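Residues per chain are reported as follows:
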Amino acid sequence: MNNHSENPIGIFDSGIGGLTVAHAIKDILPHEHLIYFGDTAHLPYGDKSEAAIQAYSVKITNVLLQKKCKVIVIACHSASSASYELLKEYVGKEAHVINVIDPMMEILARNFQQTTVGIIGTKRTVQSNIYAKKLSAKNLDIDLRMLATPLLAPMIEEGFFNNQISREIITQYLSDPQLGNVDALILACTHYPLIKKEIEEYYGGKTKILDSSLAAAQSLYDYLSSQNLLNVHPHPSHQFFVSDYTESFEAATRMFFDEAVHLESYPIWN
Ligand code: DGL
């Protein structure tokens, strides 16, 4: 069991978009040693089958367990919806597993009963119907409206945000009748914190925008402090691995992590 406070936190995603979650974690837990794994060889997960994402998730989890991670954070929404239950069982007592969906469900349960809540994410996340399933398991009285917005992640990856093109695409999606009159909108994709401001502007303050990366980071903080697993070591080091290294991935890290990150190649798909 990797439950030593000095052990690292493992974070994984389909690529480098999950660096938004890593950044939120670094902000709230500055003393933790982070190990990030981006499966750039299989990006995007949003169009993959559940079975494929499960197979990738297990293989990445093995790497993070070898590196003695005390917690594994599934930063990717598509992987959270496809693999969380499987990974929880697979990892057992070796580490704690956190996804990016359950922390948001807690927020909905506390603050958004009897409201209409929209969710935007990849096709995989929307098709999984995971939010509706969790909602009914918790008996929450919320009118959920899900919409797949598959153009947004590649748009952001190509650096199209805070400009006219991104505003037009965002407007096109958010004006879909499916999202009419939502009281809150969940950003259910790693990339969307980068367009949060534009989405807020679209709604002009009438709709609350809920950022899953912040909710997951807070949930991780609560878990570590409740289990006495907070690292008090003052100088953490971070490592960032990708399954397929390219210079353009490395160049794009600054966009998602707010600072440039050195990516190490870690091929696991032979
Ligand atoms: N990381 C994915 C997610 O949050 C978005 C990118 C992809 O489709 O791989 O669902």
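Refer to the structure presented above.
Residues numbered from 1 in each chain as written. Predicted model: local features only at pLDDT ≥ 70, side-chain atom pairs only at ≥ 80, totals over all residues. Heavy atoms only, no water.

### Quick notes on the site of the ligand
Around the ligand, the surrounding shell holds 13 residues, and the nearest of these are D13, S14, Y45, G46 and S78. Note that an oxygen atom of the ligand is positioned 2.8 Å from one of the backbone N or O atoms of G46. In the complex, 97% of the free accessible area of the ligand, which totals 290 Å², lies under the protein chains. Its residues assigned to classes, the shell around the ligand comprises five nonpolar, seven polar and one charged. (Near = heavy atom within 4 Å. Polar contact = N/O pair within 3.5 Å; in protein donor to acceptor, adjacent residues only side chain to side chain. Areas by Shrake-Rupley, 256 points an atom, 1.4 Å probe, with all protein chains shown as cover. Nonpolar A, V, L, I, M, F, W, Y, C, P; charged D, E, K, R; others polar.)

### A short note on the pairing of strand β2 (residues 34-38)
In terms of burial, β2 is largely enclosed, as five of its five residues are buried. The alternating pattern of β2 places L34, Y36 and G38 and I35 and F37 on opposite faces, both of which are buried. Sheet analysis places strand β1 (residues 9-13) next to β2, joined by five bridges and oriented parallel. Bridge pairing links I9 to L34 in β2. Crossover handedness for the path β1 to helix α1 (residues 19-28) to β2: right-handed. Pairing between β2 and strand β9 (residues 239-242): four bridges, direction parallel. Among the inter-strand pairings, Y36 is bridged to a residue of β9, identified as F240. (Buried < 20%, exposed > 50% of the residue type's maximum accessible area, 1.4 Å probe, protein only. Helix = DSSP H or I, 4+ residues; strand = E, 2+ residues; numbered from the N terminus. Pairing = 2+ DSSP bridges. Right-handed = clockwise from strand over helix to strand, strands pointing away.)

### With respect to the side chain of T115
Its place among the elements puts T115 in the loop between α4 (102-111) and β5 (116-121). Residue contacts for T115: discarding those within four places in its chain leaves D141, I142, D143 and D183. (Contact = heavy atoms within 4.5 Å.)

### Some remarks on the packing of α1 against helix α11 (residues 247-257)
Interaxial distance between α1 and α11 falls to 8 Å at its minimum, and their mutual angle equals 50°. As summarised for this structure, α1 and α11 are arranged oblique, according to the angle between their axes. As α1 packs across α11, the resulting crossing turns out to be right-handed. Two secondary-structure elements touch here, α1 through L19, T20, A22, H23 and K26 and α11 through T253, F256 and F257. Among the residues making up the contact of α1 with α11, the classes are represented as four nonpolar, three polar and one charged. (Axes fitted to C-alpha atoms, helices over the stretch in contact; angles between N-to-C directions. Parallel < 35°, antiparallel > 145°, perpendicular 65-115°, else oblique. Left-handed = near helix turned anticlockwise from the far one by under 90°.)

### Observations regarding the side chain of S81
Take S81: it is sitting in helix α3 (residues 77-91). Among the polar contacts listed, one links the side chain of S81 to the backbone oxygen of S78, at a separation of 3.0 Å. Not counting residues within four places of it along the chain, the set of residues in contact with S81 comprises I101, R124, T125, S128 and I130.

### Focus on the pattern of salt bridges
For side chains bearing opposite charge, pairing can occur when the charged atoms are close. For the structure shown, the criterion picks out six salt bridges. Between K88 and E85 there is a salt bridge whose closest N-O contact spans 3.7 Å. Pair noted here: K88 and E85 are both in helix α3, with a separation of three residues, about one helical turn. On the basis of relative accessible area, E85 is assigned to the partly exposed category, the value being 47%. The salt bridge involving K138 is made with E106; its shortest N-O contact spans 3.0 Å. (Salt bridge = Lys/Arg side-chain N within 4 Å of Asp/Glu carboxyl O.)

### Structural notes on empty space enclosed by the protein
Considering all chains together, one arrives at one cavity of 30 Å³ or more under this definition. What the largest cavity holds in volume is close to 40 Å³. If you go around the largest cavity, the residues you meet are T20, V21, H77, L187, C189, T190, P193, D211, S212 and S213. For the lining of the largest cavity, the secondary-structure elements that each account for two or more residues are α1 and α10 (212-226). Looking at the lining of the largest cavity, its residues break down into four nonpolar, five polar and one charged. (1 Å grid on protein atoms, 1.4 Å probe; cavity = no way out; pocket = protein on both sides within 12 Å on 5 of 7 lines; lining within 4 Å. Points joined across faces, edges and corners; volume = space filled by probe spheres on them.)

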